[in-house]
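Architecture and fold: a report
Here is what each chain is made of, one letter per residue.
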Amino acid sequence: MSRFDYDRGFTSGSTLSTAATIDTGGVTEPAPQVVYQTARSSPGSYTLRGLTAGASYSLRLHFAELENRVEGQRRFHVDVNGQRVLENFDVVAVAGAQNRAVVREFPATADAEGTVQVAFSWGNWYPVINGIELLSGSEVIQAINAGLLAGGTITINPSEFENHGQIQVSGG
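Right, let's walk through the structure included here. (Residues numbered from 1 in each chain as written. Predicted model: local features only at pLDDT ≥ 70, side-chain atom pairs only at ≥ 80, totals over all residues. Heavy atoms only, no water.)

**A closer look at the sheet that holds strand 3 (residues 45-48)**
- If you walk across this open sheet you meet the four strands as 3-8-5-6, and the pairing is antiparallel. Edge positions in the sheet fall to strand 3 and strand 6 (83-89), since each of these pairs with one other strand and no more. Put simply, the sheet's adjacent strands are angled 10° from each other on average, direction ignored.
- Pairing of strand 5 (residues 76-80) with strand 6, which is carried by four bridges, proceeds in the antiparallel orientation. The residue bridging valine 80 from the neighbouring strand is glutamine 83, located in strand 6. (Pairing = 2+ DSSP bridges. Helix = DSSP H or I, 4+ residues; strand = E, 2+ residues; numbered from the N terminus. Axes fitted to C-alpha atoms, helices over the stretch in contact; angles between N-to-C directions.)

**Digging into the sheet that holds strand 2 (residues 38-41)**
- Read from one edge to the other, the open sheet built from three strands follows the order 1-2-9, with strand pairing classed as antiparallel. Whereas interior strands pair on both sides, the edge strands pair on one side only; in this sheet they are strand 1 (14-17) and strand 9 (128-129).
- Alignment of strand 1 against strand 2, held across four bridges, turns out to be antiparallel. Each bridged residue has a counterpart across the sheet, and for leucine 16 the counterpart in strand 2 is alanine 39.

**Considerations on the packing of aromatic side chains**
- Under the criterion given, the structure shown has eight aromatic pairs.
- Between tyrosine 46 and phenylalanine 120, the ring centres sit 6.4 Å apart and the planes meet at 75°, which makes this aromatic pair edge-to-face. Of this pair, tyrosine 46 sits in strand 3 while phenylalanine 120 sits in strand 8 (residues 116-122); the two residues are 74 residues apart in sequence, bridging distant segments of the chain. Comparing tyrosine 46 with phenylalanine 120, the two get one shared label, buried.
- Relative to phenylalanine 89, the ring of phenylalanine 76 has its centre 5.8 Å away and its plane inclined at 80°; by these criteria the two rings are edge-to-face. Of this pair, phenylalanine 76 sits in strand 5 while phenylalanine 89 sits in strand 6, placing them 13 residues apart in sequence. (Phe/Tyr/Trp six-rings, centres within 6.5 Å; stacked < 30°, edge-to-face > 60°. Buried < 20%, exposed > 50% of the residue type's maximum accessible area, 1.4 Å probe, protein only.)

**What about the pattern of salt bridges?**
- Inspection of every chain in the model, using the stated rule, returns 10 salt bridges.
- A salt bridge links arginine 3 to aspartate 5; its shortest N-O distance comes to 3.0 Å.
- Between arginine 60 and glutamate 105 there is a salt bridge, with the nearest N and O atoms lying 3.5 Å from each other. Placement of the pair is arginine 60 in strand 4 (residues 56-63) and glutamate 105 in strand 7 (residues 102-109), with a sequence separation of 45 residues.
- Here arginine 60 falls in the buried class, since its relative accessible area comes to 8%.
- Each of the salt bridges in this network shares a partner with another, and the network as a whole consists of Arg3, Asp5 and Arg8. (Salt bridge = Lys/Arg side-chain N within 4 Å of Asp/Glu carboxyl O.)

**Quick notes on the pairing of strand 11 (residues 139-145)**
- Here strand 10 (residues 131-136) runs beside strand 11; their pairing, made up of six bridges, is antiparallel. Residue pairing in the sheet places glutamate 133 in a bridge with alanine 143 of strand 11.
- Between strand 10 and strand 11, which follow one another and run antiparallel, lie two residues, and glycine 137 among them has a positive phi close to 65°.

**A look at the environment of asparagine 124**
- Position of asparagine 124 among the secondary structure elements: in the loop between strand 8 and strand 9.
- Since its relative accessible area comes to 32%, asparagine 124 is described here as partly exposed.
- In this structure, the C-alpha to C-alpha distance between asparagine 124 and phenylalanine 76, residues 48 residues apart in sequence, is 6.7 Å.
- Other than its neighbours up to four places away in sequence, asparagine 124 contacts Gly72, Gln73, Arg74 and Arg75.
- Within the structure, asparagine 124 has its side chain in polar contact with the backbone oxygen of glycine 72 (distance 2.7 Å). (Contact = heavy atoms within 4.5 Å. Polar contact = N/O pair within 3.5 Å; in protein donor to acceptor, adjacent residues only side chain to side chain.)

**Side note on the side chain of glutamine 142**
- Turning to its location among the elements, glutamine 142 is positioned in strand 11.
- Within the structure, glutamine 142 has its side chain in polar contact with the backbone oxygen of arginine 49 (distance 2.6 Å).
- Excluding residues within four positions of it along the chain, glutamine 142 makes contact with Arg8, Leu48, Arg49, Leu51, Ile132, Glu133 and Leu134.

Right, dumping it as structure tokens:
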């Protein structure tokens with residue numbers, strides 16, 4: 001089982017989560033349960049960086065529908081490096097039910113800057129992604145738990161707080 005890092009490299013979207021157990025019985029080499037229990041909705045795109053320029057990889061996209069219960073409620077598209085790899089993808093239709101994992105695998109070649117771009121676009125509803133793995137042969141190079149934000153707490157005491165500017169948070 002590979003280690004999935006906190007969500008990073010995305011351009012937009014928000015997170016979803018569930019406490020429901022996700023059925024991974026139909027998936028070969030499934031991700032850990034927490035990967036399927038979190039998701040990024042409307043992610044725009046993910047940029048996977050730090051790769052060897054021109055190298056070939058296997059890209060594994062992990063999905064589990066956390067919100068919609070019937071086929072046809074959410075269809076979306078996925079492009080890898082500008083090439084459409086999934087058209088009108090419907091997780092429930094492929095998996096057969098809500099809260100059931102599905103993995104789709106595609107070849108991907110890093111560009112001259114050593115990146116792979118995974119773009120998501122609307123079909124009839126916003127796209128979602130639960131996890132992204134990039135492999136070189138059988139070695140996991142990158143694994144992202146989409147929707148799992150880095151932990152931590154910021155506590156502000158209103159009686160002692162004085163605003164001296166702004167804090168900017170980014171997803172990448």
